[in-house]
Amino acid sequence: MFPTLQIGPLALPMPAFIVLAGVWIGLSVAERRAARYRLHPNELYNLIFIGLVAGVISARLSYALRYPGIFASDPGGLLSRDLGLFDPLGGLAGGSLAALIYAQRKGLPFWQTLDGINPGLAVFAIALGFSHLASGQAFGVPTQAPWGIELWGARRQPTHVYEILAASLIFGALTPIYRRLQPDEAAKVPGVLFLIFTALSSLARLMIEGLRGDSPLLPGGVRLPQVAAWCVLALSLWGIGYLLKKHQQTSETLQHS
C-alpha cells in the first residue's frame, strides 16, 4: 500500500491524487473522441465535470446521513480526503441526476452522450483500481493462495489487482472499437457501446465482490454489491437486445418504404 507520497514537508495523499489523475485523463480521452458521437467537446467536458463534482458531494453527504455519529463530534470530517468516507451509491445517484439535468437543458442526445463519456469511464475505472491499491481499501478475504498480499494483519486476496486487470482488459477490448468508430456508425445504434461496457464492468464486479472482505451484507449474508451488479448486468443485456431490435425494425421499415 502507498497511502502518501512525502515530498519535503508536503505529504501527498496518493489515493486522491490517483483518482484526480484518472478524472483528468478520462476527460481528455472523452473530449478527443467526442466528435465521433457528434458531440461538442466542451459540452461533454462540462457534463462529466458537473456529474463528478455533484457525485463527490452527494457521496460524502450520503455517507454522513448514514453515519451521522462520525461527523457529529467532528464536522470538519465532511472535508476529509479519506476515500473510505464516501457512499458510492449515493454519489452515483447524485452525480447521475446532476448530469441528466445538464444534458436535458443542453438538449444532448441521451444514448449518444452515454457513448461519448464511455471511453472516459473506462479509463477512470482503471485509475479507481490503482487508488484502492494505494489506500488498501476494497481489500480481499483471507486466503492461503501464494499470490495473496499481506494487509490488515492477514494474507488476503489481491482484489485491488483483480480490479485493475479487469478494468484494463475491458478498456483494451473496447479500444479498437473506440478508434475505428466513425460518426455515421456511432449514430446507427447509439447506446449499445455504453451498455456493452456497463455489462462487462458489472460482470467483473460480480466476480470480484465475491472475494472482497469489506462488502456490505444484506440479511442472510448476501452481498449488496453483488445484488446490484446482477441487476445492472441484467438491465444492460436487456437494453442491448432492445436497442438492436429497435434498430433492426427501423432498418426494415426504411427498406420497405
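Before reading further, recall that the structure is shown in the block above.
What comes next is a walk through the structure. Only a predicted model underlies this, so the values are computations on that prediction, with no experimental measurement involved.

## A short note on a nonpolar patch on the surface
Taken together, the side chains of Tyr45, Phe49, Ile50, Val53, Ile57, Leu61, Leu78 and Leu79 present a nonpolar region at the surface, about 720 Å² in accessible area. Residue placement: Phe49 occurs in helix H2 (residues 41-66). Taking the relative accessible area as the measure of exposure, Phe49 reaches 44% and is therefore partly exposed.

## Structural notes on the pattern of salt bridges
In the structure shown here, the tally under the stated rule is 5 salt bridges. Linking Glu163 and Arg205 is a salt bridge whose minimum nitrogen-to-oxygen distance equals 3.3 Å. Remark: Arg205 occurs in helix H8 (residues 192-209) and Glu163 occurs in helix H6 (residues 159-180); sequence separation between them is 42 residues. A relative accessible area of 24% places Arg205 in the partly exposed class. Between Glu209 and Arg205 there is a salt bridge, and its shortest N-O distance comes to 3.2 Å. With Glu209 and Arg205 both in helix H8, this residue pair falls 4 residues apart, about one helical turn. Among the ionic contacts, a cluster of salt bridges with common partners joins Glu163, Arg205, Glu209, Arg212 and Asp214.

## A closer look at the side chain of Ser236
Tracing the backbone shows Ser236 in helix H9 (residues 224-256). The exposure class assigned to Ser236 is buried, which follows from its relative accessible area of 3%. Excluding residues that lie within four positions of it along the chain, Ser236 makes contacts with Leu195, Thr198 and Ala199.

## Thoughts on the environment of Asn42
Residue position: Asn42 is located in helix H2. Exposure remark for Asn42: the relative accessible area of 47% places this residue in the partly exposed category. Along the backbone, Asn42 and Glu31 are 11 residues apart, and their C-alpha atoms lie at a distance of 7.6 Å.

## Points about the environment of Gly148
The topology assignment puts Gly148 in the loop between helix H5 (110-135) and strand S3 (149-151). Relative accessible area serves as the criterion here: at 13%, Gly148 is assigned to the buried category. Between the alpha carbons of Gly148 and Thr159 there is a distance of 9.3 Å; along the sequence they are 11 residues apart. Those residues in contact with Gly148 that lie beyond four places of it in its chain are Thr143, Arg155, Arg156 and Pro158.

Rules and cut-offs
Residues numbered from 1 in each chain as written. Predicted model: local features only at pLDDT ≥ 70, side-chain atom pairs only at ≥ 80, totals over all residues. Heavy atoms only, no water. Patch = residues over 30% accessible without salt bridge, like charges linked within 9 Å, V, L, I, M, F, W, Y side chains within 5 Å. Areas by Shrake-Rupley, 256 points an atom, 1.4 Å probe, with all protein chains shown as cover. Salt bridge = Lys/Arg side-chain N within 4 Å of Asp/Glu carboxyl O. Helix = DSSP H or I, 4+ residues; strand = E, 2+ residues; numbered from the N terminus. Buried < 20%, exposed > 50% of the residue type's maximum accessible area, 1.4 Å probe, protein only. Contact = heavy atoms within 4.5 Å.

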